[in-house]
Amino acid sequence: MNDLSSENREKAKSLWDKIAQAKQEYSGLNMHKMICEASKELHQILPADPAAVQMVLVSLIKSRQFDEAIKFLGSSADYKKVHKFEHAYILHRLGRNKEALDKLKSIPANDRS
């Protein structure tokens, strides 16, 4: 975060605080939707931050926004490489089970833990 402008640094800090607050004040689907909104904003500020990417992806999955999650994964070739298991899970939830199985089979054995 050191290379961010002071305005974006403050925005990012505020969004992390909003995410922490959502975890304390909400539960279930409402919590995941609140986290999803904040994490998408955070990802706009910190697009290369692995934690922001993971948070967007997980919050989309947990808030059952599978169509949006598959689009998010498609927005970067790196996302599909790093998040193969999540990709397979999303494909499964979308009813694309053959693709999901193929994706799982493509994960190297030493990465299947």
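Residues numbered from 1 in each chain as written. Predicted model: local features only at pLDDT ≥ 70, side-chain atom pairs only at ≥ 80, totals over all residues. Heavy atoms only, no water.

*Asks:* If you had to explain helix α1 (residues 6–25) to someone new, which residues and values would you point to?
*Replies:* Given 3.6 residues to a turn, an α-helix orients residues that are three or four positions apart in the same direction. For α1, with 20 residues, the first-to-last C-alpha span of 28 Å sits near the 28 Å given by 1.5 Å per residue. Looking at α1, one finds that the buried residues are A12, L15, I19 and A22. For α1, the angular spread of buried residues about the axis comes to 80°, placing them on one side. Projecting away from the buried face of α1 at angles above 90 degrees are the exposed residues S6, E7, E10, Q24 and E25. Elements in contact with the buried residues of α1: α2 (28–45) and α3 (50–62). (Helix = DSSP H or I, 4+ residues; strand = E, 2+ residues; numbered from the N terminus. Expected span 1.5 Å × (residues − 1). Buried < 20%, exposed > 50% of the residue type's maximum accessible area, 1.4 Å probe, protein only. Arc of directions from axis to C-beta. Contact = heavy atoms within 4.5 Å.)

*Asks:* Which residues make up the packing of aromatic side chains, and what are the values?
*Replies:* Considering all chains together, one arrives at 2 aromatic pairs under this definition. Where F72 meets Y79, the ring centres are 5.0 Å apart and the plane angle is 25°; that geometry is what we call stacked. Overall, the relative accessible area of 13% leaves F72 in the buried class. (Phe/Tyr/Trp six-rings, centres within 6.5 Å; stacked < 30°, edge-to-face > 60°.)

*Asks:* Explain the nonpolar core to me, and be specific about the residues and the numbers.
*Replies:* L57, L60, F72 and I90 are the most contacted members of the largest nonpolar core, which totals 15 residues. Mapped by element, the contributors of at least two residues to this core are α3, α4 (66–74) and α6 (84–93). For L57, the residues in contact, after removing those within four places along its chain, are A69, F72, L73, H83, E86 and I90. Grouped together as the second largest cluster of nonpolar side chains are 13 residues, A12, L15, I35 and M55 included. (Core = buried A, V, L, I, M, F, W, Y, C linked by side-chain atoms within 4.5 Å.)

*Asks:* Give a detailed account of the pattern of salt bridges, specifying residues and quantitative values.
*Replies:* Inspection of every chain in the model, using the stated rule, returns 4 salt bridges. Its salt-bridge partner being K13, residue D17 comes within 3.2 Å of it at the nearest N-O pair. Here D17 pairs with K13, and both are found in helix α1, just 4 residues apart, close to one helical turn. (Salt bridge = Lys/Arg side-chain N within 4 Å of Asp/Glu carboxyl O.)

*Asks:* Describe a nonpolar patch on the surface, and please don't skip the residues or the numbers.
*Replies:* Among the surface-exposed residues, F85, Y89, L101 and L104 lie close enough to one another that they form a single nonpolar patch of about 370 Å² accessible area. Going through the elements one at a time, α6 and α7 (97–105) are the ones with two or more residues in the nonpolar patch. Here Y89 shows up in helix α6. Residue class for Y89 comes out partly exposed when judged on its relative accessible area of 32%. (Patch = residues over 30% accessible without salt bridge, like charges linked within 9 Å, V, L, I, M, F, W, Y side chains within 5 Å. Areas by Shrake-Rupley, 256 points an atom, 1.4 Å probe, with all protein chains shown as cover.)

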